[in-house]
Amino acid sequence: MTTASLPSNKIDIVGEGKNFLRFILRELKPKGKLLTPFNAISIPIIALAAILLFIRFTKGLGSITNLSQEYPWGLWIGFDVITGVAFAGGAYVLTFIVYILHVEKYHPIVRVTVLNGLLAYIFYAGALLLDLGRPWHVINPVIGNSFGVSSVLFLVAWHFMLYMMAEFLEFSPAIAEWLGWRRIRKVLGSLTLGAVIFGICLSILHQSGLGALYLMAKGKIHPLWYSEFIPILFLVSSIFAGLSMVIFEGSISRKVFKYKMSHEHHIKHDDIVLGLAKICAGTMFIYLFLKLLVFVHGQHADLLMTPMGYWYLLEIVGFVAVPCILFVHAVRSGKVSVARVAAILSLLGIVLNRLNVSIIAFKWDAAVRYVPTWMEVEVTLAVICAEIWVFRWIVNRMPVLSESPAWVLGRASRPSGITDISRRHGIDRLKKEA
Amino acid sequence: MGASSEEKQRPRHADPPKSTLDRRSFIGALGLAGIGVATRATSAAAQTPGVAEVGVLVDTTKCAGCRMCEVACAQANGLPMPDHSPEALAQERTMSETQRTVVNRYETDKGTVSVKKQCMHCVQPACASACLTRAMLKTHEGPVVWRGNKCMGCRFCMVSCPFNVPKFEYHSANPKIEKCTLCWERLNEGQEPACVANCPMKALTFGKRTDLLREARKRIVENPDRYIDHIYGEQEVGGTSWMYLSAVPFEQLRFRTDLGTEAYPTLTKNFLYAVPVVLTLVPGFLLAVSNATKRGDESSEGET
């Protein structure tokens, strides 16, 4: 895929190959200052996690986690996987809006959202490997005769894998633009719609599938949280979880990667955020309505006046209803800052909901409750830091937040307010940054 | 004892007992047994589950609480001897990664009752339907067994099991799932499970599940004062291979009586049925919407 596929003339293929290698090596090097506050914090975190994981793989899961026979799934599943994947839901929602409904307004944020989604799956779903007791058998459901087709986890595992490929395809034009592969960029671009449709189907199924994992935990999850409708609740909440993440992440990227952001993106930012706030408010209202139906259907009104009931009300009122109202307020008054606060609250609500189902309301009456060790938290932080590292590396090199190179824009009908940014092998950008 | 006592000597009815069975052919036999086995909720229902399967009937009114079964189980499975010190016995003990069965004493309306607990070997097991590698396998003969060459250690079986049976070795770099296998290897050698063979009170009866049910009903009918009219495991979670008779309501013996009679795999059935529906209907719908909303000036090429 490297030298041979370069769209250059065949005579100078060796020279091109050398140039390409030099380009890759140059791009691999860090750009900018090494001693930033984020690096100063994240490098020790990742280094410590590496030591902890070495202990974990030599001495067993019990050596660094508080997992027990009562609580087989802890923070690494409940937060990293179940919550992380809900946060990554923005990718399928936005690709639906932009590629299926053709709402061009959201085009500037599609790429960064897909990248975030892809990295979230790679890192958070990848964190699943850390939690597997016998990870060397992870290939069993993929090859051989070990297909547990009656298992929800089988479905989720396959969908994770396929969805990562779909998201990679969706993102791949950005890689081709970075490398200057014009012809390949054209081919990859033509695959986008197919990847998007496939990705949306997979997302519907595995977002709900993560909830379906807990269907057989009937009798272990507190009745206020257990319902046969968990899959639908997980699916609907992944919509506003994902979009809230897009709003939250966008407000950070806007500051951190200000120099990278395209002019178009900058101008439209507030408009986009308020549009997303509208969708969030709508889906949260639907979610609240579903929650009410499930609550009435479950006939557990008497449990509301117990400690777990108060906890349930805090989640529903404080972290779904309140942000829902805030989103409506943000849309009405046009205040982006209110939408950001609402996004943060609704993200906390999702963390609360997913941890409730997977840990807090799970065996709520057990004699010994699961509380993660500091080491489990540490490894989770390291996973997040590692993801941010890769995100930063890509955003600083590929046209993610910034405009595509001129040779792409010239061909496409996309409106463009900015001038030519030639990025053949990223040379211009390198000069600019130096 | 009637029909079931005949079964005692010949636990396997379909095949003659195999006396020599090395590990490889054992795993091979498991593989064969796996073909068409009822891991899927639908196929399980079609096979009228529970008919050909073996199981054990526990008469809690006969159990003296001697814990010989615990010792026999540990010996048969190469596990450490159970801790029978007074401190250990002071509280309710649970199965663990080093102990596949436990006997606890419970204070009930009719005095102290001892109860042995272990994997119930459900007719339609949640663990087997949860297993994405088919490591947890419901054999034709009834026992639910675990296969280390398949398992990836995800512990979804532990999340799903209504009885909290599978246990995981958290302090091993090569961890196993530990649970009662109904002495599957001994069954293949034509022997009874170790606990049944070593019960001095004859509180445990091994046999075909249907025969055991008949025997249990007979005992209830003949001794209405001795037993309550409930066989735990006949209906619970769709039926289990281990079944219990008791003099007192099962709540008093710390059995879960709120699990319902529906087999656990049916809880996920509707969701799994939705998968092919979504995968076939949604793509066409999305493609149609995409075409319908496309602006005239757009090129047919996708673009990110």
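None of these values were measured; they are calculated from a predicted model.

## Some remarks on the overall build of chain A
Looking only at helices and strands, chain A features 15 helices and zero strands. Over its C-alpha atoms chain A spans a radius of gyration of 23 Å, differing by no more than 12% from the 22 Å that the globule rule assigns to 434 residues. Counting over 434 residues, chain A shows a buried share of 56%. Of the contacts made within chain A by residues no fewer than 6 positions apart, 79% connect residues no fewer than 24 positions apart. Put simply, chain A has 40 plus and 25 minus side-chain charges, and the middle of one group is 6 Å from the middle of the other.

## Section: the overall build of chain B
Of the regular secondary structure elements, chain B holds eleven helices and nine strands. Each of the 304 residues in chain B was classed as buried or not, and the buried ones make up 55%. For chain B, contacts bridging at least 24 residues in sequence account for 63% of all contacts bridging at least 6. A total accessible area of about 13100 Å² is found for chain B, and carbon and sulfur atoms account for 53% of it.

## A look at unusual backbone geometry
Residues and elements named next belong to chain B. Of note in the backbone geometry, Arg155 takes a positive phi value of approximately 70° without being a glycine. Structurally, the position occupied by Arg155 is in the loop between strand 5 (144-146) and helix 7 (156-160). What makes Arg155 buried here is its relative accessible area of 1%. One non-glycine residue, Val237, adopts positive backbone phi at about 40°. For Val237, the location among the structural elements is in the loop between helix 10 (209-222) and strand 9 (242-245).

## Description of the interface of chain B and chain A
Where interface size is given, it is often the accessible area lost as the parts come together that is meant. On the side of chain A, 74 residues touch chain B, which itself brings 63 residues to the contact. Taken together, the two surfaces of chain B and chain A that pack against each other cover about 5900 Å², and 59% of this comes from carbon and sulfur. Summed over the shared surface of chain B and chain A, the result is one salt bridge. In this structure, Arg155 of chain B and Asp131 of chain A form a salt bridge, with 2.7 Å as the shortest nitrogen-oxygen distance. At the junction of chain B and chain A, the tally comes to 34 residue pairs in polar contact (both at pLDDT 80 or more). For the side of chain B that touches chain A, the secondary structure elements donating two or more residues are helix 6 (126-130), helix 7, strand 6 (167-168) and helix 11 (266-293) of chain B.

## Some remarks on helix 11 (residues 307-333) of chain A
Residues and elements named next belong to chain A. Helix length check: helix 11, at 27 residues, gives a terminal C-alpha distance of 37 Å against a target of 39 Å (1.5 Å per residue), a fit within 8%. Every buried residue belonging to helix 11 is among Met308, Gly309, Tyr312, Glu315, Ile316, Phe319, Val320, Pro323, Cys324, Phe327 and Ala330, and all of these are buried. The secondary structure elements touched by the buried residues of helix 11 are helix 9 (230-256), helix 10 (263-298) and helix 12 (336-360). With its phi angle positive at about 70°, Gly334 sits one or two positions after the end of helix 11.

## Comments concerning helix 11 of chain B
If you check helix 11 of chain B, its first and last C-alpha atoms are 40 Å apart, about what 28 residues at 1.5 Å a residue would give, namely 40 Å. Of all bends in helix 11 of chain B, the biggest is about 35°, found at Val278 of chain B. Here helix 11 of chain B has its buried residues at Leu267, Thr268, Phe271, Leu272, Val275, Val278, Val282, Leu286, Val289 and Ser290 of chain B. Along its buried surface, helix 11 of chain B packs onto helix 4 (90-100), helix 7 (152-179), helix 8 (182-212) and helix 9 of chain A.

## Some thoughts on the pattern of salt bridges
Residues and elements named next belong to chain B. Scanning all chains against the criterion turns up 17 salt bridges over all chains. Residue Lys138 pairs with Glu53 through a salt bridge whose shortest N-O separation is 3.6 Å. With Lys138 in strand 4 (residues 136-138) and Glu53 in the loop between helix 3 (41-46) and strand 1 (54-59), this pair connects stretches of sequence that are 85 residues apart. Taking the relative accessible area as the measure of exposure, Lys138 reaches 2% and is therefore buried. What emerges from the salt-bridge pattern is a single network uniting Asp59, Glu215, Lys218 and Arg219.

## Structural notes on the packing of aromatic side chains
Counted according to the given criterion, the structure contains 22 aromatic pairs over all chains. Between Tyr121 of chain A and Tyr163 of chain A, the aromatic rings sit 4.9 Å apart at their centres with planes inclined by 70°, giving edge-to-face as the arrangement. Of the two residues, Tyr121 of chain A sits in helix 5 (residues 107-125) while Tyr163 of chain A sits in helix 7, which places them 42 residues apart along the sequence. Accessibility classification places Tyr121 of chain A together with Tyr163 of chain A in one group, the buried group. Ring centres 5.4 Å apart and planes at 85° place the aromatic pair Phe250 of chain B and Phe255 of chain B in the edge-to-face group.

## Here we look at a positive patch on the surface
Residue and element names in this part refer to chain A. Positive charge collects at one region of the surface, where Lys18, Arg22, Arg26 and Lys29 lie side by side. Summarising the element assignment, Lys29 is placed in the loop between helix 1 (13-28) and helix 2 (37-59). Among the residues examined, Lys29 registers a relative accessible area of 55% and is labelled exposed.

## Considerations on the pairing of strand 2 (residues 102-108) of chain B
Residues and elements named next belong to chain B. Most of strand 2 sits inside the fold, with five of its seven residues counted as buried. As paired elements, strand 2 and strand 3 (residues 111-117) share seven bridges and run antiparallel to each other. Bridge assignment links Glu107 to a residue of strand 3, and that residue is Thr112. What sits between the antiparallel neighbours strand 2 and strand 3 is a turn of two residues.

## Here we look at a nonpolar patch on the surface
On the surface, Leu48, Ile51, Phe54, Ile55 and Trp374 of chain A cluster together into a nonpolar patch covering about 520 Å² of accessible area. Residue placement: Ile51 of chain A occurs in helix 2.

## A word on the sheet that holds strand 9 of chain B
Residue and element names in this part refer to chain B. Pairing is mixed in the open sheet, where three strands are placed in the order 8-1-9. The open sheet has two free edges, formed respectively by strand 8 (204-208) and strand 9, since each of these has just one partner strand. Averaged over all adjacent pairs, the angle separating strand axes in this sheet is 25°, with direction ignored. The sheet contact formed by strand 1 and strand 8 spans five bridges and is antiparallel. Within strand 8, the position partnered with Leu57 by the bridge is Thr205.

## Thoughts on the confidence of the model for chain B
Should the pLDDT be low somewhere, the predicted coordinates at that spot are not to be read in detail. All names here are of chain B. This prediction gives chain B a mean pLDDT of 83; 80% of its residues lie at or above 70. The low-confidence segment residues 1-47 (pLDDT under 50) makes 83 contacts with residues lying over four places distant or belonging to another chain. The low-confidence segment residues 299-304 (pLDDT under 50) makes 20 contacts with residues lying over four places distant or belonging to another chain. On the interface metric, ipTM, the complex scores 0.85, and its pTM is 0.85.

Quick notes on the rules
Residues numbered from 1 in each chain as written. Chains lettered and ligands numbered in written order. Predicted model: local features only at pLDDT ≥ 70, side-chain atom pairs only at ≥ 80, totals over all residues. Heavy atoms only, no water. Helix = DSSP H or I, 4+ residues; strand = E, 2+ residues; numbered from the N terminus. Rg over C-alpha atoms; globule rule 2.2 N^0.38 Å. Buried < 20%, exposed > 50% of the residue type's maximum accessible area, 1.4 Å probe, protein only. Contact = heavy atoms within 4.5 Å. Lys, Arg positive; Asp, Glu negative; His and termini not counted. Charge placed at Lys NZ, Arg CZ, Asp CG, Glu CD. Areas by Shrake-Rupley, 256 points an atom, 1.4 Å probe, with all protein chains shown as cover. Buried area = accessible area lost by both parts, 1.4 Å probe. Salt bridge = Lys/Arg side-chain N within 4 Å of Asp/Glu carboxyl O. Polar contact = N/O pair within 3.5 Å; in protein donor to acceptor, adjacent residues only side chain to side chain. Expected span 1.5 Å × (residues − 1). Bend = angle between axes of the 7 residues up to and from the residue. Phe/Tyr/Trp six-rings, centres within 6.5 Å; stacked < 30°, edge-to-face > 60°. Patch = residues over 30% accessible without salt bridge, like charges linked within 9 Å, V, L, I, M, F, W, Y side chains within 5 Å. Pairing = 2+ DSSP bridges. Axes fitted to C-alpha atoms, helices over the stretch in contact; angles between N-to-C directions. pLDDT = per-residue confidence, 0-100.

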